[in-house]
Amino acid sequence: MSTTLADRPERPAETGPVRSQRVTRRRAGRFEAKHIVIAVVVLLLAYLVLVPLIFLLWKTFVADDGTAGLSGFAHAFPDNADTWAMVGNTLAFAFGSMVVSMVIGGGFAYLAERTDVPFRRLLSLAALVPLIIPAILYAPAWIFLGSANIGLMNNVTGFLFGIRPFDVYSVWGMIWVQSLHSAPIVFLLLSAAFRASDPSMEEAGRVAGLGGWRVLTRITLPMVKPALAGAALIVFIQSLEVFEIPTFLGLPAGHYVLTSRLYYLYQQYPTDYQAVGAIGVGLLVIACLGVWLAGRVGGSLRESGTISGKAFRPRRKKLGRARPWAGLLVLGYFVLAVALPLLILLYSSLLKTYEQPGIHALGDLSLNNYRTLFSDPGIVGSFENTMIVAVCAATAAMVLATVASWIVVRTGGAGRRFLDALTFSPLVIPGLVFGVALAVVYLRVSLPIYGTLVILFIAYTTRFLPYGMRYASAALSTVSRELEESAQVAGARWFTTMRRVLLPLAAPGVIGGWVYILIVSFRELQSSILLYTPGKEVVSVTIFQQYQDGNATLVSAIGVVLVLLLTVLVVVSQTIAARRGVRAE
Amino acid sequence: MLKKPMGGLAGLVAAVGIGALLSACGSPATANTQAAQDAYAKYASMKGKTREDALVAAAKSEGSVSLYITNSAIKPEIVPAFEKKYGIKVTIYRATTEQLRTRILQEAGAHRIQNDVVETKDSEMAILDQKGLIAPYQSDITAQVPDEAKTDDLVGAYYIATLPIHNTKQVQPGELPKDIAGYADPKWKGKIAVDQGDFNWYEDLYNYYTKQKGMSDADFVKMMKSVAANFRVVDGHVANTQLLQAGDFPVFLSDFLHYVPANGNTTLSFEQPMTPVTLQILGANPMKGAAHPAAALLFCDFYLTEAQKYLNDAGYIPTNPSAIPGYTPRLPEGTTFVYDDWKTLASDKGNAWQQAWSNLLKGQDPVLPQ
Amino acid sequence: MLTVTEVVKNYDPQSVRRLRKRGVDVDTTRPALGGVSLRVEDGQFHTLLGPSGCGKTTLLRSVAGLEHPDAGEIELGGDTLFSAARSVDLSPDRRGLGMVFQSYAIWPHMSVKQNVAFPMRAGRAKRPKAEVDKLVLEALESVGLADYVDRPATKLSGGQQQRLAFARAMVGRPRLLLLDEPLSNLDAQLRASMRLELKRLQRELGLTTLYVTHDQAEALAMSDVITVMNGGRVMQQGTPREVYDRPANLFVARFVGSPNLLPAKVDSGSGRRTVLTSVGPLVLGEAVPAGLEEVAVVLRPEDLEPRLATGAAGSPGTNELTGTVVTQSFEGECIRHIVAIGDQRLECRSGRHCDVRPGDEVVVSVPGRSLSVVDAQDE
């Protein structure tokens, strides 16, 4: 028998969308584990983020006497040439740093993941060491290397060629040092994406007659667009916010940036929270624009499932004749970003006070700083405290970020963009405002939070959530939705699907995020210094105090120990990640 | 896949945020304040050995003392000596002056004072006193402290001296000008560092030249502008003293005396200090809301007596040198001192001086508070 | 037995974006599924056939629980999987189905064995390990992958991954097997052999199967029943032969096979058995239903064999059209001619021994029973 539509009565449905039926469609009754997890995570996230965020907005728009207004913006950005110069400097610096660090970080990520470049292991080290070296030492290390007067590099070129070409006290110096400092996160985010993308698409491009450059711009880069956009955004915001580099390198050359203004405001009494907040709100607007733009440029995150479960085979490209040159490039970068600063660190950790390298200094070398370090219960204790807080915060942030990214990447609705922007906002809340916000809330909560390590745990989890989100959503968006769906249809519960399918596939990115948060937790000072508990110092506070005490060389020793400790941790976790993820041939 | 629950997300989030703010509004109060006042009153009239014995006995039963400090010599030297002498456990919170103030104000706002003693500089102490947070320090020891080191709120334990420090490998003492006007010479361009936070030093110079030397505002401005043309603006005394020592620049105009170690280091020198040398007064005060008032007083007493030796060793100028056997001052007799105008700095005028200094550094006008 | 009743699904913005990205023109004023009903009997191989964006994949995913319709009901073996009226929407893991995705969706971090064992180890229907091992091996043997048990799934070739996907979908003997264009990623030769193998497996295991494809040859060769869809609606349901021989409308006629379509008017004088076309009257095998006046006559090229005009007259009940061969192309299994009859050109396909040449005067005979008509207006 043959049935046609003509045999059936006409239905109203055929005249257009059946909007009226939408309401009835809700899945009533069954509330699954998935929904509970999502609700809990969303609530926790909202709580963690909104506490400082609402505080920021409140302090920005409401003066201490209770009147609402925009005077904070007038204080933070008075309408004069000074402000415009400051904004111009800031944008030039941030944009320059973004471009340079994207080129460096992205280039090396491509080399490391997609080619047979030699010394690959060095690159993953180069991606982490600059992050671990205490910020308070990193900029001075570059002064010792690149200052026009005393820079080691100038001494070398001066001796060899009679010229002193380097001047780290300049916009270029600032951009260079900041880029070396930001390149790691670009490298880490992009290597996860490159690792996951399918080389056969590039091969197809080659076969279709595209040149190398066009394959790069038309195929390779678009494939990793979400990671690319996310990394660019983070690096840009980081450059807007960094303190040490502009103050060390920019100020002596007369370059004032946004953070100089922030510092100026911090010093005032009574603290002009309205103006500080206004800068935070300004950054927030930029960040929201960025999230939106990254969403547009990067395409919708959900579309880029490159691990599709279809003949997916990561392969490395043979560099051929270019291989030795690429190897040289990697070595050069390693020397510049890792070896030189680390050597300066190691050298000064063996001294009592810093002096220029030379024969005369050899006699002063000793291990005294290391003896002090390991025998001082305060310093050892601060390592323990930080380790506890950092591991907990990194774990909590990645758990939250992974679930939140899943919501952003995998579900529809207006809420997900909001969630995306919300989880990004802690990145732009100035450290002081952040610290004060947590103090204000938890001083009034009778739970044992203020005055314990818990408040630092909350602070780090919240502050570093944005990094976790970028890592997790970049990792998740590379996993094709069908891999999850096939597990569901095969009868796996949501939880099982997450655990057995999605997480293992996203593991390299998620563990990468965990490592990153662990490392930056060791650095965090701005809110730590306000919130730490006497007797329970964390490493960043110890470093700050030792530095203030004039023990810069002891701080160098702490830096060396940190580099060793965290490198071991990182290598261990990367080994685990490599076991879980898809292996490249 | 889940789709619809996201629609309600915004509402959920808003509810949580409001909840968080509301929870922040209720606040537990503390009853420490009255107990501490009574204790301070009780010990105020006691003297010498009697006072010390009574304080030690009470402090021992209190068991510990919590210090909020800015001074870097307290932790390595003074606290161990105090703990050793009295057997009272000391916990320390240490930060910069602004951070210290912020933390105390937050804790006070929530009625949860966490510290017994605050140790910071004159203008900060004045701010805390305006907020009614610190108790006046009363003791017979104050008689040995010169009047210049006392403010309404504070009995100073030491001074921080601001003066030029130079790198001896790059300049000889003879080359250094005797006063600030000498640095207007173009040969100093980019070689004389000033910290962008040192507006108190700038105000001190102003007070010295206009009030003590009778210079007109216009002349002062003219002099400072010509000197400022040579400034190398830096941030952070500690870090830049390191760079000074490494030879990155030869002179740090507004550096601190205590960064030149008392012995051993020959690279840094403050010889032939410029006139005037400006002084900040710093000291320790008990908190009104202290949980351990006797221990707090005991520490403040200790700070003005036995700790003086350690403060002196650390490069500070002690206010009670009678507590140091065989004391010889580091700065020569006859050095001209100007004291920080802490009253102005703790008022709205302080911000005006900050703005004026910032303008001077950037080559903008006006360079005096309006 | 699967029953889908009156399922309606509106476009959501995401799937519109996804479709537009693939270059499909989406008319969002119409629903993605506009009230689709169908029935798959136990053991039946039922195919959803239609062009890109016709809603066939949406329907399949709605059955799987991966999409959520706005109205209608879906039942499987007496269980309600989805019902808008009763607010039932079982999650995919509770539906007890097997599915092969277009991209295979092989989990690249697992071995071949782990992939196949997953539904029984991680799914709701957990089974003891020994049984799982046995079933996995059986499933892999049936698709010829028994030698690859412990290999990482990514080390398989495309065809092998395809087989692995089948093995995984079938291993638990699901109540219903869903196949979403599973052969579209294979090369032509592999596709042909997989087609047969897939059909064999389905028969052997007696799996009730819902199959989605846009390839009409695939659909005709494999299906017990075909549902032709377009624009979110069912155009026709029937056996391959019914769909092919008696298309329900112009769309089906055009989409299944590539017939010659001649506009025609029904000649009511002949008991509605004759239609008038530009090539003259054509006698049909059966009467045109009442109400149809403007029609299109469907002439399948394979039913048209030109022979030289000099030959004997055709048998009774056969329409004879006279024309000239315009072009000829040899295609191996057949020869294709274009014959001009007046202004009308007809495509004919004849046996490989047919010897007419371009320029020849030919007679094309068209048996009345192989002709069908569709409403010319209806699309």
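Note that the structure is predicted; figures quoted are calculated from it, not measured. (Residues numbered from 1 in each chain as written. Chains lettered and ligands numbered in written order. Predicted model: local features only at pLDDT ≥ 70, side-chain atom pairs only at ≥ 80, totals over all residues. Heavy atoms only, no water.)

## What to know about the pairing of strand β7 (residues 97–100) of chain C
Consecutive residues of a regular strand have side chains that alternate between opposite faces of the sheet. Residues and elements named next belong to chain C. Of the two faces of β7, the one holding L97 and M99 and the one holding G98 and V100 are both buried throughout. Bridge analysis of β7 against strand β8 (residues 176–180) gives four bridges, and the strand direction is parallel. When the sheet's bridge partners are listed, G98 is paired in β8 with L177. (Buried < 20%, exposed > 50% of the residue type's maximum accessible area, 1.4 Å probe, protein only. Helix = DSSP H or I, 4+ residues; strand = E, 2+ residues; numbered from the N terminus. Pairing = 2+ DSSP bridges.)

## Looking at a nonpolar patch on the surface
A cluster of nonpolar side chains, contributed by A:V156, A:F159, A:L160, A:F161 and A:I163, occupies part of the molecular surface with about 590 Å² of accessible area. As for its placement among the helices and strands, A:V156 is situated in helix α7 (residues 152–161). (Patch = residues over 30% accessible without salt bridge, like charges linked within 9 Å, V, L, I, M, F, W, Y side chains within 5 Å. Areas by Shrake-Rupley, 256 points an atom, 1.4 Å probe, with all protein chains shown as cover. Salt bridge = Lys/Arg side-chain N within 4 Å of Asp/Glu carboxyl O.)

## Some remarks on the pattern of salt bridges
All told, the structure shown has 41 salt bridges over all chains when counted by the stated rule. Linking B:R103 and B:E107 is a salt bridge whose minimum nitrogen-to-oxygen distance equals 3.2 Å. Of this pair, B:R103 and B:E107 both sit in helix α5 (residues 97–109), four residues apart, roughly one helical turn. Here B:R103 matches B:E107 in class, with each residue buried. A salt bridge links C:D133 to C:K113; the nearest nitrogen and oxygen atoms lie 3.8 Å apart. Residue C:D133 is located in helix α4 (residues 129–142), and its partner C:K113 is located in helix α3 (residues 112–121); the two are separated by 20 residues in the primary sequence. On the accessibility criterion, C:D133 (29% relative accessible area) is partly exposed. Here C:K113 falls in the partly exposed class, since its relative accessible area comes to 27%.

## Considerations on the packing of helix α18 (residues 377–410) of chain A against helix α24 (residues 494–523) of chain A
Residue and element names in this part refer to chain A. It is at 8 Å that the axes of α18 and α24 come closest, and there the two elements cross at 135°. In terms of their interaxial angle, α18 and α24 are classed as oblique. With respect to the hand of their crossing, α18 and α24 are arranged in right-handed fashion. Note on element contacts: α24 touches α18 through W494, M498, L502, L503, V510, G513, W514, I517, L518, S521 and F522, opposite T386, M387, A390, V391, A393, A394, T395, A397, M398, T402, W406 and R410. Looking at the contact of α18 with α24 residue by residue, the classes come out as 17 nonpolar, five polar and one charged. (Axes fitted to C-alpha atoms, helices over the stretch in contact; angles between N-to-C directions. Parallel < 35°, antiparallel > 145°, perpendicular 65-115°, else oblique. Left-handed = near helix turned anticlockwise from the far one by under 90°. Contact = heavy atoms within 4.5 Å. Nonpolar A, V, L, I, M, F, W, Y, C, P; charged D, E, K, R; others polar.)

## Digging into the interface of chain A and chain B
Counting residues at the interface gives 73 residues for chain A, matched by 67 residues for chain B. Summed over both sides, the interface of chain A with chain B buries roughly 6,500 Å², with 59% coming from carbon and sulfur. On inspection of chain A and its partner chain B, the count reaches two salt bridges. Residue B:R94 pairs with A:D549 through a salt bridge whose shortest N-O separation is 2.5 Å. (Buried area = accessible area lost by both parts, 1.4 Å probe.)

## Quick word on the environment of B:A54
All names here are of chain B. One can find A54 in helix α3 (residues 48–62). Its relative accessible area of 24% is what places A54 among the partly exposed residues. Measuring from C-alpha to C-alpha, the distance between A54 and Y43 comes to 8.1 Å, with 11 residues separating the pair along the chain. Excluding residues within four positions of it along the chain, A54 makes contact with Y43 and M46.

## Describing the packing of aromatic side chains
If you walk through the whole model with that rule in mind, you get 37 aromatic pairs over all chains. Each ring, one from B:Y202 and one from B:W357, has its centre 5.3 Å from the other, and the planes form 35°; the classification is tilted. With B:Y202 in helix α7 (residues 199–212) and B:W357 in helix α13 (residues 348–362), this pair connects stretches of sequence that are 155 residues apart. A connected cluster of aromatic rings, assembled from ring pairs, spans B:W201, B:Y202, B:Y206, B:Y208, B:Y209, B:F220, B:F231, B:W353 and B:W357. Its guanidinium or amino end placed over the ring of A:F434, A:R463 lies 5.4 Å from that ring's centre, counting from NZ or CZ. When the ring centre of B:Y93 is taken as origin, the NZ or CZ atom of B:R103, which lies over that ring, is 4.2 Å away. (Phe/Tyr/Trp six-rings, centres within 6.5 Å; stacked < 30°, edge-to-face > 60°. Lys NZ or Arg CZ within 6 Å of the ring centre and 35° of its normal.)

## Quick look at the side chain of C:T213
All names here are of chain C. Tracing the backbone shows T213 in strand β9 (residues 209–213). The class of T213 is buried, set by a relative accessible area of 2%. Here D215 takes part through its backbone nitrogen, which lies 3.0 Å from a polar atom of the side chain of T213. With residues up to four places along the chain from it excluded, the contact list for T213 reads T47, L48, L49, G50, K56, E181, E218 and A219. (Polar contact = N/O pair within 3.5 Å; in protein donor to acceptor, adjacent residues only side chain to side chain.)

## Some remarks on the domain arrangement of chain B
Residue and element names in this part refer to chain B. Entries for chain B in the domain assignment read domain 1 (8–157 + 282–323) and domain 2 (159–280 + 338–362). Placing the centre of domain 1 and that of domain 2 at their C-alpha centroids yields a distance of 31 Å. Facing 19 residues of domain 1, the contacting portion of domain 2 comprises 14 residues. Of the roughly 1,500 Å² buried between domain 1 and domain 2, counting both surfaces, carbon and sulfur atoms make up 64%. Taken as a group, D122, L282 and I317 account for 33% of the area that domain 1 buries against domain 2, more than any other trio of residues on that side. Counting across the domain 1 and domain 2 interface gives one residue pair in polar contact (both at pLDDT 80 or more). Per element, the largest residue contribution to the side of domain 1 that touches domain 2 is five residues, and it comes from helix α6 (residues 122–130). Looking at the side of domain 1 that touches domain 2 residue by residue, the classes come out as eight nonpolar, five polar and six charged. (Domains from an automatic or database assignment.)

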